[in-house]
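Okay, here's what each chain looks like letter by letter:
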Amino acid sequence: MNREGTCPVAHGPRGLPVIGDAIPYFKDPLAYTLRMQERDSLVTVRLPITFVQVTEPDAIERVLRVNPDNYRRGTLYQGFFGMMGSGLLTLDTDGWRGPRRAVQPAFTPQRVNGNAREAVAATRAVLRRWSEHAASGAVVDVAPELMDVSARVMGLALVGRDLSGTDYSRAAAIANKVIYTSTIKGVPALVPSFVPTRYHRARKWSTRWLDGLIRQVIEERRAAGEPGSDAAGLLLAAGLTDTEVSDNLRTLLLAGSDTTGQALAWTMYELARHPQARRAVEREVDEVLAGGPPDPERLGELPQTTAAVNEALRLHPPVWQFPRDAVEPDTLAGRHVPAGTTVLLSVYGTHRSPEHWPDPEAYDPQRFLNGAQDGRHKHAFLPFGGGRRMCIGKGLAMATLVTAVAMLSQRYRLRLPGTRQVRSGHYITLFPSSGLPAVVQERA
Ligand code: HEM
């Protein structure tokens, strides 16, 4: 919705003194996001942290692409430093350009194709386990196995190690929670870090695990006298300090695996619930792949499968919101935004905006097929962000997801027990809150 002139941003409920609207927000932030979006596509929310929730593609485009110099990572991104340090995701002004340039060669299409071959091997490992599940007919939580696909691919692309079957996914899941609670909830401020609560013990364990892995990788490369050509090698060869290498590796390890793993789980979940979409993927993989594995260079020949992934990313965007702070006053889609305002770009709310997505709750991959996207605002779909800080791992994530969904759909279907929908857990990423319990069935 474009507005003429400039008006103030609409106010959400003022809530209670001091804590503002924190109680209804934290009870169900996703439902709250949609309630605020119904009020307006820019709404001020007070929790007591105050921010403007943005679900207006024009405003999002201005923040990310048109006027990015005016928007810093800002206050809420400060909460990322504890787990990620000063890496590519948290760095601001021009500090991010060096690391981005250094690791970019690890994400070229050629490299992504190489890594997608690892996705084939990783999915074969899942298929072996699924043949046992199919034989047993038991209900099993398949989410950890799907997370392992991403752990293997990301581990090899980033630090040259297969991290499936290790504690990597667990360490990343804890970091996901810690970053969320220390940004938007401000919890660590309430409980000092020396108090051995379950939260702080888990946080320290996760940090130790990731630091231990990164230290070993750096020492091995130094001892071999050869940095290697994965992301770790590129960072080492770029002449960064050990701390810079370590912070950037931690950032990549945390940003890449959980997001991609959750997206795979959500796609398989939606295909299990929507037989028509599932059959369209099955038909496509049968015809195009004829029983063989996908060729990483020809994933473009799988538009149905890609659309099934994109539609899952729309309904369950792993990164469901991300913030910026305005340096100077600005006008966003006709609303005046004073200097210092924190804007929270709500991917979740934008992806469910009825103005851009008719019947927004319905899972319908057709939205991404046959030019259906042509008339849509480019920033109405932003699972990977946008502008110059667009996700560096987008190509790798999509290649991994399309490869895995295609291979799983060649042989198996998931049947979900009962009719209840899986609820969405929400930290920094969205995840199926009680895993993905399913019966694995061999396709007839
Ligand atoms: C489905 C999977 C993924 C999703 C949904 C996702 C989402 C996002 C989003 C929304 C941003 C923008 C954040 C902002 O502008 O504030 C981002 C940035 C980033 N992502 Fe991803 N991501 C995924 C996979 C990956 C992978 C596989 C990697 C690396 C292996 C990765 C590494 C990064 C990094 C380093 C940034 C910061 C880039 C910069 O600021 O220059 N992500 N991601």
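Residues numbered from 1 in each chain as written. Predicted model: local features only at pLDDT ≥ 70, side-chain atom pairs only at ≥ 80, totals over all residues.

Here we take up the site of the ligand. Every one of the 25 residues lining the ligand counts as a neighbour, but Gly256, Thr259, Gly385, Cys391 and Gly393 are closest to it. Of all elements in the fold, only α8 (143–159), α12 (242–273) and α16 (394–411) reach the threshold of two or more residues within the shell around the ligand. Looking at the shell around the ligand, the element that brings in the most residues is α12, giving seven residues. Taken together, the residues of the shell around the ligand sort by class into 17 nonpolar, six polar and two charged. (Near = placed C-beta within 6 Å. Helix = DSSP H or I, 4+ residues; strand = E, 2+ residues; numbered from the N terminus. Nonpolar A, V, L, I, M, F, W, Y, C, P; charged D, E, K, R; others polar.)

Grouped together as the largest cluster of nonpolar side chains are 128 residues, with contacts concentrated most on Ala231 and Leu249. Ranked by the residues each element gives to this core, the list is headed by α12, at 13 residues. Among residues more than four places away in sequence, those in contact with Ala231 are Val103, Ala106, Ala157, Leu158, Leu249 and Leu252. (Core = buried A, V, L, I, M, F, W, Y, C linked by C-beta atoms within 7 Å. Buried ≥ 20, exposed ≤ 12 C-beta atoms within 10 Å, placed from the backbone. Contact = placed C-beta atoms within 7 Å.)

What follows covers the sheet that holds strand β1 (residues 7–8). The three strands are arranged β1-β9-β8 in an open sheet whose pairing can be described as mixed. What marks the edges here is a single partner per strand, and that holds for β1 and β8 (330–332). Examined bridge by bridge, β8 and strand β9 (residues 335–337) share three bridges and lie antiparallel to one another. Residue pairing in the sheet places Thr331 in a bridge with His336 of β9. (Pairing = 2+ DSSP bridges.)

Buried residues of helix α2 (residues 29–39): Tyr32, Thr33, Met36 and Gln37, and no others. Looking straight down α2, one finds that the buried residues subtend no more than 140 degrees of arc, so they occupy a single side. What points out from α2, more than 90 degrees from its buried face, is the exposed set Ala31 and Glu38. On its buried face, α2 is in contact with α1 (22–27), β3 (42–46), β4 (50–54), β10 (342–346) and α15 (347–351). (Arc of directions from axis to C-beta.)

Turning our eyes to something else, we now look at the sheet that holds strand β6 (residues 139–141). Reading across from one edge, β6-β14-β11 is the order of the three strands in this open sheet, with antiparallel pairing throughout. Sheet topology places β6 and β11 (412–415) at the edges, where each strand pairs with a single neighbour. Here the average twist between neighbouring strands, direction ignored, is 50 degrees. Relative to strand β14 (residues 437–442), β11 runs antiparallel, the two being bridged by four bridges. Pairing of Arg413 across the sheet is with Gln441, part of β14. (Axes fitted to C-alpha atoms, helices over the stretch in contact; angles between N-to-C directions.)

Our next topic: the UniProt feature "binding site: heme" (unreviewed entry) in the chain. In the numbering used here, UniProt assigns the "binding site: heme" (unreviewed entry) feature to Cys391. The residue Cys391 is located in the loop between α15 and α16 in this model. For Cys391, the residues in contact, after removing those within four places along its chain, are Phe384 and Gly385. (UniProt positions renumbered as here; feature names shortened; annotations may be inferred.)

As a packed pair, helix α13 (residues 275–289) and α16 sit with axes 9 Å apart at the nearest point and diverge in direction by 95 degrees. By the criterion of interaxial angle, the relationship of α13 to α16 is roughly perpendicular. Of the residues in α16, those in contact with Val281, Glu282, Val285 and Leu289 of α13 are Val405, Ala406, Ser409 and Gln410. When the residues that make up the contact of α13 with α16 are grouped by side-chain class, the tally is five nonpolar, two polar and one charged. (Parallel < 35°, antiparallel > 145°, perpendicular 65-115°, else oblique.)

Right, let's get into the packing of α8 against α16. Close contact between α8 and α16 brings their axes to 11 Å; oriented N to C, the two are set at 140 degrees. What the angle tells us is that α8 and α16 run oblique. When the axes of α8 and α16 are compared, the crossing they make is right-handed. Mapping the contact onto sequence places Val149, Ser150, Val153 and Ala157 in α8 and Leu396, Thr400 and Ala404 in α16. Residue composition of the contact of α8 with α16, by class: five nonpolar, two polar and no charged. (Left-handed = near helix turned anticlockwise from the far one by under 90°.)

A separate point is the environment of Val347. Here Val347 is to be found in helix α15. In this structure, the C-alpha to C-alpha distance between Val347 and Phe381, residues 34 residues apart in sequence, is 7.7 Å. What Val347 contacts, discounting residues up to four positions off in sequence, is Pro317, Val319, Trp320, Gln321, Leu382 and Pro383.

With that settled, the discussion passes to helix α10 (residues 198–224). Look at α10: 39 Å from first C-alpha to last across 27 residues, which is about the 39 Å you get at 1.5 Å a residue. For α10, the complete set of buried residues consists of Arg203, Ser206, Leu210, Leu213, Ile214, Val217 and Arg221. Trailing α10 by a residue or two, Gly225 shows a phi angle of about 70 degrees, which is positive. (Expected span 1.5 Å × (residues − 1).)

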